[in-house]
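What follows is each chain in one-letter form.
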Amino acid sequence: MEWLSEFGAIAAMQGFNGLSVFCVLLLMALGLAIIFGQMGVINMAHGEFLTIGAYTTYVCSSLTAHFAPSFQPYYFFFAIALSFLVAGAVGWLVEWAMISRLYKRPLDTLLATWGLSLVMQQTFRSVFGAREVSAEPPAWLMGSVNFTDAIEIPRNGLFMMGLTLLLTATIFLMLYRSRWGLQVRATVQNRLMSRAVGINTRKVDRMTFALGCGVAGVAGAAFTTIGSTGPTAGSQYIVDTFLVVVFGGAQSLFGTIASAFLIAQTQSLSEFFLSGSMAKVLTLSSVILILMLRPQGLFSIKVRK
Amino acid sequence: MFKIDQLSCGYGQSQILHDLDLNVAKREIVAVMGRNGMGKTTLFKSLMGILPQWKGQVSVDGHDVSALETHERVERGIAYVPQGRMIFPSMSVLENIQTGLPASARGKVPEDLYALFPVLYDMQSRKGGNLSGGQQQQLAIARALATNPKVLLLDEPTEGIQPSIIKDIARTLKEIRNLRDLTIVVSEQVLSFTLEIADRFLVIEKGRFVIEETRDRVDEATISRYLSV
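Note that the structure is a prediction, hence the values are computed from the model and not measured.

Chemist: Residues and numbers for the packing of helix α6 (residues 133–146) of chain B against helix α7 (residues 163–180) of chain B, please.
Modeler: All names here are of chain B. Packing of α6 against α7 brings their axes to within 11 Å, and their N-to-C directions diverge by 15 degrees. It follows that α6 is roughly parallel to α7 by the angle criterion. For the element pair α6 and α7, the recorded crossing hand is right-handed. Mapping the contact onto sequence places Gly134, Gln137, Gln138, Ile141 and Leu145 in α6 and Ile165, Ile169, Leu173, Ile176 and Arg180 in α7. Classifying every residue of the contact of α6 with α7 by side-chain character gives six nonpolar, three polar and one charged.

Pasting the structure below:
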């Protein structure tokens, strides 16, 4: 009987591990689901906005440690908000300076944002140095919670889960229950007609892009609790992120959530039985197989053409 | 009320509209008739600011809107029902109407809109793309009316719609005009439809107005000569 309870504990922890991977994937993909899924902009620099969030958190952490050590337990919330604002502001600038001129040339956007990502990476390298840095997470995020003797759940994982839930719910409400969301969805479907019903599409585009970048910034802030930050920290995630959005079906937020969940659980469960790289192979090949059968992704809105 | 003065417009180097003049009074319904390729849609697009106009002026209630962007023209009281309806297919009927509402309406659709188009009330949560052609046309008109316009521009509203619904639309348009003191400019190829609603008839030929007749003096034969190919 003892081996059974041990197996149960391992299954629970592995399941939770899958959930953490799910949260990480979803956090990254949410911003892109807005920018790529809703606006159709292929933003290769999305990972760098994540890095901006991570560095912002790092700067907050060092400043707190240096000037106000007693504020240390609380700085993290402030850092998350600031990451959102900084990444959002940079996104606003990028949309104004670059993306807004390329809406009619999607492939040029791909090249331009790729170039932008290189420029941003080099900027990080020049400012913060090539070596990875880490923000000091507040003490209450360290360690783990013991549910039973055998089951230990890390606190940063729980925090990440809460943040993901909160962010997903907020974005869902904004897209489907607010006037801004209505205007975003209208603009996506028919830019000219949206203008002709009185929507200032230029403003909507700028807001949408900035928001997507801001969400990436929040993801970056959250990532400092599980890893260190280097100039290329964000770019390693960009492929996975696009995979999640495309697999879920562009324009469907629910699809993004479901696809992040499926990919994460497949990855995490098969990692338990196979080696890490074999698990990756298995995940990717099943994604490719499903996309061959359903090129529009898991969820897509059906209307008559 | 709605005034077009020496309006010229075109694509690239080819000029389509040549110095058009038109003055539409409040509560007047004007029909712009003409064959395909004579400049009807070009006229409407340049009135909405979708195509940049080359020269001339467009004004609503004495305010010049020529330099304004499309969404600003909507704010000044021009509403547009384009050819082919162009509703937002993957949004619900309710959401389609809401896109036209000003922020002050807080997403609440005025009841007189549903009174005009009861079918839209019944289908509120249906996706716009799943409606029939006639229902989509009604939705496009309702969406335009949601912006609370002074002038309504309709580009070929009867295209591809069954005859019984065409009659409904004609009746509704007159009703809206009376309810809201609306000025309507409608482009058409179907003479029977415009004979039913219009106060004044213009025929556009190669980007120029060649015939202008009021309702009491309109000669069906002359106009249909310009419409037949």
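Chemist: Provide a residue-level description of the side chain of Glu156 of chain B, including the pertinent values.
Modeler: All names here are of chain B. Here Glu156 lies in the loop between β7 (151–155) and α7. Taking the relative accessible area as the measure of exposure, Glu156 reaches 7% and is therefore buried. A polar atom in the side chain of Glu156 sits 3.4 Å from the side chain of Lys40. For Glu156, the contacting residues outside a window of four places in its chain are Asn36, Lys40, Gln83, Ser187, Glu188 and Gln189.

Chemist: So, the environment of Gly227 of chain A: which residues are in play, and what are the values?
Modeler: Residues and elements named next belong to chain A. Tracing the backbone through its elements, the reader meets Gly227 in the loop between α8 (201–223) and α9 (238–248). Overall, the relative accessible area of 31% leaves Gly227 in the partly exposed class. In this structure the C-alpha to C-alpha distance between Gly227 and Leu50, which are 177 residues apart in sequence, comes to 13 Å.

Chemist: Explain a nonpolar patch on the surface residue by residue, including any values.
Modeler: Residue and element names in this part refer to chain A. Taken together, the side chains of Trp3, Leu4, Phe7, Ile10, Phe272, Phe273, Leu274, Met278, Val281 and Leu282 present a nonpolar region at the surface, about 1000 Å² in accessible area. Broken down by element, the nonpolar patch gets its largest block of residues, four residues, from helix α1 (residues 2–38). The topology assignment puts Phe273 in helix α10 (residues 253–273).

Chemist: Tell me what's going on with the interface of chain A and chain B, and back it up with residues and numbers.
Modeler: The partner chain B presents 28 residues to the 20 residues of chain A that form the contact. Counting the surface lost from both chain A and chain B, the interface buries some 2100 Å², and carbon and sulfur atoms represent 61% of this. It is Gln189, Met193 and Val197 of chain A that lose the most area in chain A upon contact with chain B, and together they represent 26% of the buried surface on that side. On the surface where chain A and chain B come into contact, there are two salt bridges. With a closest N to O distance of 3.5 Å, Glu69 of chain B and Arg202 of chain A form a salt bridge. For the interface between chain A and chain B, the tally reads five residue pairs in polar contact (both at pLDDT 80 or more). Secondary structure elements with two or more residues in the side of chain A that touches chain B: α6 (179–189) and α7 (191–196) of chain A. Tallied by class, the residues present in the side of chain A that touches chain B amount to nine nonpolar, five polar and six charged.

Chemist: Can you lay out the pattern of salt bridges for me, pointing to particular residues and giving the numbers?
Modeler: Residues and elements named next belong to chain B. Taken as a whole, this structure holds 17 salt bridges over all chains when the rule is applied. Between Lys150 and Asp61 there is a salt bridge, and its shortest N-O distance comes to 3.7 Å. Of this pair, Lys150 sits in the loop between α6 and β7 while Asp61 sits in the loop between β4 (55–60) and β5 (63–64), placing them 89 residues apart in sequence. The salt bridge involving Arg200 is made with Glu212; its shortest N-O contact spans 2.5 Å. Highlighted residues: Arg200 in strand β9 (residues 200–205) and Glu212 in strand β10 (residues 208–214), separated in sequence by twelve residues.

Chemist: Please give an account of the packing of α10 of chain A against helix α11 (residues 276–293) of chain A that cites residues and values.
Modeler: Two quantities define a packed helix pair, namely the angle between the axes and the distance from one axis to the other. Residues and elements named next belong to chain A. At a minimum axis distance of 8 Å, the contact between α10 and α11 shows a crossing angle of 145 degrees. Between α10 and α11 lies a crossing whose hand is right-handed. Across the interface between the two elements, Ile263, Thr266, Gln267, Ser270 and Glu271 of α10 pack against Gly276, Ala279, Lys280, Leu282, Thr283 and Val287 of α11. For the contact of α10 with α11, the class distribution of residues is four nonpolar, five polar and two charged.

Chemist: Describe the UniProt feature "transmembrane region" (unreviewed entry) in chain A, listing the residues and the values that go with them.
Modeler: Residue and element names in this part refer to chain A. Here, the residues flagged by UniProt with the feature "transmembrane region" (unreviewed entry) are residues 15–37, 74–94, 157–176, 209–230, 242–263 and 272–293. Along residues 15–37 one finds 100% helix and 0% strand; the C-alpha atoms at either end are 28 Å apart. From the first C-alpha to the last, residues 272–293 spans 28 Å; its make-up is 91% helix and 0% strand.

Chemist: Which residues make up the nonpolar core, and what values do they have?
Modeler: Counting 90 residues, the largest nonpolar core has Phe2, Leu7, Leu47, Met48 and Leu153 of chain B as its most contacted members. When residues of this core are assigned to their parent elements, the largest contribution, 15 residues, is made by α1 of chain A. Excluding residues within four positions of it along the chain, Leu47 of chain B makes contact with Phe2, Ile4, Leu7, Val58, Arg73, Ile78 and Leu153 of chain B. Membership of the second largest hydrophobic core comes to 45 residues, among which are Leu120, Leu131, Ile161 and Val186 of chain B.

Chemist: Provide a residue-level description of unusual backbone geometry, including the pertinent values.
Modeler: Residues and elements named next belong to chain B. In this model, Met86 sits at a positive phi of 50 degrees, which is unusual for a non-glycine residue. A relative accessible area of 36% places Met86 in the partly exposed class. Even without being a glycine, Lys206 presents a positive backbone phi close to 50 degrees.

Chemist: I'd like to hear about α6 of chain B, residue by residue, with values.
Modeler: Residues and elements named next belong to chain B. The end-to-end C-alpha separation of α6 is 20 Å, in line with the 20 Å expected for 14 residues at 1.5 Å each. In terms of residue burial, α6 counts as a mostly covered element, since 14 of its 14 residues are buried. One or two residues past the end of α6 sits Asn148, with phi positive at roughly 60 degrees.

Chemist: Tell me about the packing of aromatic side chains, and please be specific about residues and values.
Modeler: This structure, assessed with the given rule, holds 16 aromatic pairs over all chains. Between the aromatic rings of Tyr55 of chain A and Phe124 of chain A, the centroid separation amounts to 5.4 Å while the plane-to-plane angle is 40 degrees, which identifies the pairing as tilted. With Tyr55 of chain A in helix α2 (residues 46–67) and Phe124 of chain A in helix α4 (residues 106–128), this pair connects stretches of sequence that are 69 residues apart. The buried category is assigned to Phe124 of chain A, whose relative accessible area is 8%. Judged by centre distance (6.3 Å) and plane angle (50 degrees), the ring pair of Phe71 of chain A and Tyr74 of chain A falls under tilted. Judged by its relative accessible area of 37%, Phe71 of chain A is partly exposed. These aromatic residues form a ring-pair network of at least three members: Tyr75, Phe76, Phe77, Trp140 and Phe159 of chain A. Lying over the aromatic face of Phe88 of chain B, Arg143 of chain B brings its terminal NZ or CZ to 5.0 Å of the ring centre.

The rules behind these values
Residue positions are given per chain, counting from 1 as you read along its sequence in written order. Here chains are named by letter from A upward and ligands by number from 1 upward, in the order in which they appear as written. Residues qualify for local features only when their pLDDT is at least 70, as the model is predicted, and side-chain atom pairs are given and counted only at 80 or more; totals for whole chains, interfaces and linings, by contrast, use all residues. Calculated side-chain values reflect all of the structure's heavy atoms, with hydrogen atoms and water omitted. Every angle, taken between N-to-C directions, lies between 0 and 180 degrees, and every axis is a line fitted to C-alpha atoms, over only the stretch in contact when it is a helix. Numbering of helices and strands starts at the N terminus; helices are DSSP runs of H or I of at least 4 residues and strands are runs of E of at least 2. Here is the rule for angles: anything less than 35 degrees is roughly parallel, anything more than 145 is roughly antiparallel, 65 through 115 is roughly perpendicular, and the remaining ranges are oblique. Handedness of a crossing follows from how the near helix is turned relative to the far one, being left-handed for an anticlockwise turn of less than a right angle and right-handed for a clockwise one. Here a residue-residue contact requires only that any non-hydrogen atoms of the pair lie within 4.5 Å. Residues are sorted three ways: Asp, Glu, Lys and Arg are charged, Ala, Val, Leu, Ile, Met, Phe, Trp, Tyr, Cys and Pro are nonpolar, and all the rest, Gly among them, are polar. When a residue's accessible area, from a 1.4 Å probe over protein chains only, is under 20% of the maximum for its type it is buried; when over 50% it is exposed; and in between it is partly exposed. Contacts described as polar in this section are N or O atom pairs within 3.5 Å, which, within protein, must combine one atom able to donate a hydrogen with one able to accept it, while residues neighboring in sequence count only if both atoms come from side chains. Nonpolar side chains (Val, Leu, Ile, Met, Phe, Trp, Tyr) are joined into patches within 5 Å and like charges within 9 Å, using only residues with over 30% relative accessible area and no salt bridge. For every accessible area listed, the method is Shrake-Rupley and the probe measures 1.4 Å; residues are considered covered only by the protein chains on display. We count a salt bridge whenever a side-chain nitrogen from Lys or Arg sits within 4 Å of a carboxyl oxygen from Asp or Glu. The term buried area denotes the loss of accessible surface (1.4 Å probe radius) that occurs when two parts are joined, taken as the sum for both partners. UniProt positions are given in the numbering used here, feature names are shortened, and annotations may be inferred rather than shown by experiment. Grouping buried Ala, Val, Leu, Ile, Met, Phe, Trp, Tyr and Cys residues that are joined through side-chain atoms within 4.5 Å yields what is termed a nonpolar core. Multiply 1.5 Å by the residue count of a helix minus one, and that product is the helix's expected span. When two rings of Phe, Tyr or Trp (its six-membered ring) have centres within 6.5 Å they constitute a pair, described as stacked for plane angles under 30 degrees, edge-to-face for angles over 60, and tilted for the intermediate range. Here, over-ring charges are defined by two tests on the NZ atom of lysine or the CZ atom of arginine: distance to the ring centre within 6 Å, and angle to the ring normal within 35 degrees.

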